[in-house]
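Structure at a glance
As a plain string of letters, each chain reads:
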Amino acid sequence: MQLSVIGCGYLGAVHAASMASLGHTVVGIDVDEAKIAKLAAGEPPFHEPGLVDVLKDGLASGRLTFSTDYSDLADAEVHFIGVGTPQRSGAQGADMTYVNAATDAILEHAKPGSLIAGKSTVPVGTAARLTELAATKGVRLAWNPEFLREGFAIKDTVDPDRLVYGVTDATRDEDTATLDNVYATILDRGTPRLVTNQPTAELVKVAANSFLATKISFINAMAEISEVTGADVTQLADAIGHDERIGRKFLNAGVGFGGGCLPKDIRAFTARAEELGKGESVAFLKQVDEINLRRRQRVVDLVVDSFDGQVFGHRVTVLGLAFKPDSDDIRDSPALDVAVRLKGLGAEVVSYDPEAMDTARRAHPQLNYADSLETALDGSEAVVVVTEWKQFKALDPAETLAKVARPVIFDGRNILDPAAWRDAGWTYTGMGR
Ligand code: UDX
């Protein structure tokens, strides 16, 4: 099929390349010329495992192209909207500027009878509004949320857990058939496909992310209780996780969640629920957010306490900047936040991350970035692990001890073996263990 993908950020670039890998002819469109030039040259503008290969294969096949010219979408049968819906400046709700602009631009060029498939995470009610607008041009609109995780974005796109089509009664059969054609390879594998109305499809995405955020904050709340009772939250998570109804995934306590989705989605959901007069239904999400943010300060407090309340002038190594491993994304990153907070208290912070140094340096030029893990550890008076990179998990306690000035380590992700580090002579502190 002929497809267009509007917005070539994380979601759009991955979607465009993945759809080409399924055999479709795809044009990815974005207003950012530098981004389009990179993608057209086969260079992903961000770190995502596997993307470079899918991108290069797509370009080489001739089925994948990138453009800044919206008129290039004119021949497409389906137009995916994959632009961002960031948190509005100074408010909790989602900024819909890009979704609205993308829809207008599509409608200027799309052929009648084509289908817009929205993938961006939007406030419930958006699809209904845009469907009316599209109908004036004879274009149909469905909502088709994505659930991709950074670090697994290609796999999550070409082999998702489920597909969700949010459609209107009027065009249900047509829209379903069109999307079934797009995803035929995926459906042939028996992937569950749910056809819902539009509000349900919009809510599926925010409900899923709210649930995940709640799960993480739940275990972090248990970490807070563990800290005052002497319990070990990691063992607690293992024990409750054996109950299949609970499950062990997303029960890792630490400095909490960040990234481009979870934090802004729970805030936008809260704002939308308040608009709908149902703020009380999701009032708990404010607590979820607060618990999450408290854990960042908790690590900072632990570090400061280890210097008897005065971290000023002490050399603190912060290992990790990305919001999670296998990503160079620092949006709302707890790791970066911890580094900034410690720096703000006058600590001599040295940061290191295997992939996120450039993105972090652009956003926070005032921080000190080491060019290697070894340099970061050199002469350190406190080591703080805040992103779960495998390089940090694999650190050898004895070898690391030889590099630092004071063997004190804070495991902000509970990824190290406390006994091994203590046996090697370290003062080890985890989160709630
Ligand atoms: C998330 C959703 O998982 C995905 O389905 C949606 O499409 C986009 O948002 P992503 O932002 O890539 O994906 O990150 P995810 O893997 O969910 O992790 C989010 C944050 O939670 C990270 O900062 C991670 O470190 C943290 N986390 C995750 C925990 O603190 N504990 C856990 O047990 C799991």
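This text follows the structure it describes.
Residues numbered from 1 in each chain as written. Predicted model: local features only at pLDDT ≥ 70, side-chain atom pairs only at ≥ 80, totals over all residues. Heavy atoms only, no water.

1. Brief notes about the pattern of salt bridges
To keep things clear, this is the line we draw: Salt bridge, as applied in this entry: a Lys or Arg side-chain nitrogen positioned within 4 Å of an Asp or Glu carboxyl oxygen. Put simply, DSSP marks the helices as runs of H or I at least four residues long and the strands as runs of E at least two long, and each gets a number from the N terminus on. Here's how the labels work: a residue is buried when its accessible area is under 20% of the maximum for its type, exposed when over 50%, partly exposed in between, all with a 1.4 Å probe on protein chains only.
Enumeration according to the criterion identifies 26 salt bridges in this entry. Residue Arg140 pairs with Glu174 through a salt bridge whose shortest N-O separation is 3.6 Å. With Arg140 in strand β6 (residues 140-143) and Glu174 in helix α7 (residues 172-182), this residue pair connects regions lying 34 residues apart in the sequence. Assessed through its relative accessible area of 46%, Glu174 is described here as partly exposed.

2. Some thoughts on the site of the ligand
The cut-off we apply is this: Any residue with a non-hydrogen atom lying within 4 Å of a molecule or strand is treated as near it. Here a polar contact is taken to be a pair of N or O atoms separated by no more than 3.5 Å, where protein atoms must pair a possible hydrogen donor with a possible acceptor and residues adjacent in sequence count only if both atoms sit in side chains. In this description, accessible areas are obtained by the Shrake-Rupley approach with a 1.4 Å probe, and a residue is regarded as covered only by the protein chains that are shown. Put simply, Ala, Val, Leu, Ile, Met, Phe, Trp, Tyr, Cys and Pro go in the nonpolar bin, Asp, Glu, Lys and Arg in the charged bin, and everything else, Gly too, in the polar bin. Start and end points for every domain follow an automatic or database-based domain assignment.
If you check the shell around the ligand, you find 20 residues, and the closest are Leu148, Glu150, Asn252, Phe323 and Lys324. At a separation of 3.1 Å, an oxygen atom of the ligand approaches a polar backbone atom of Gly258. Isolated, the ligand exposes 670 Å² of accessible area, and the fraction of that covered by the protein chains is 93%. If one sorts the elements of the shell around the ligand by residue count, helix α9 (residues 198-229) sits on top with four residues. Residue composition of the shell around the ligand, grouped by class: 10 nonpolar, four polar and six charged. Two domains share the shell around the ligand, each providing at least three of its residues, namely domain 1 (2-191) and domain 2 (212-430).

3. Observations regarding helix α13 (residues 334-344)
Because an α-helix packs 3.6 residues into every turn, residues spaced three or four apart end up facing the same way. Note the threshold: Contacts between residues were defined by any pair of non-hydrogen atoms, one from each residue, lying within 4.5 Å.
Among the residues of α13, those classed as buried are Pro334, Ala335, Leu336, Asp337, Val338, Ala339 and Leu342. Of the surrounding secondary structure, the elements contacted by the buried residues of α13 are α12 (284-306), β9 (315-319), β10 (348-352), α14 (357-363) and β12 (382-385). Sitting at the amino-terminal end of α13 is Ser333, which places a side-chain oxygen 3.2 Å from the backbone nitrogen of Ala335. Among the residues trailing α13, Gly346 stands out with phi positive, at a value near 95°.

4. So, the environment of Asp159
Mapped onto the elements, Asp159 comes out in the loop between α6 (153-158) and β7 (163-167). Taking the C-alpha atoms as reference points, Asp159 and Thr191, 32 residues apart in sequence, are found 7.9 Å from one another. Contact partners of Asp159, with chain neighbours within four places excluded, come to Ile154 and Arg189.

5. Comments concerning the state of the cysteines
Here is the rule we go by: Cysteine sulfurs are considered disulfide-paired once they come within 2.5 Å of each other.
The final tally for this structure, using the stated rule, is zero disulfides. No disulfide involves Cys8; its sulfur sits 17 Å from that of Cys261, the nearest cysteine. When its relative accessible area of 0% is taken as the criterion, Cys8 is described as buried.

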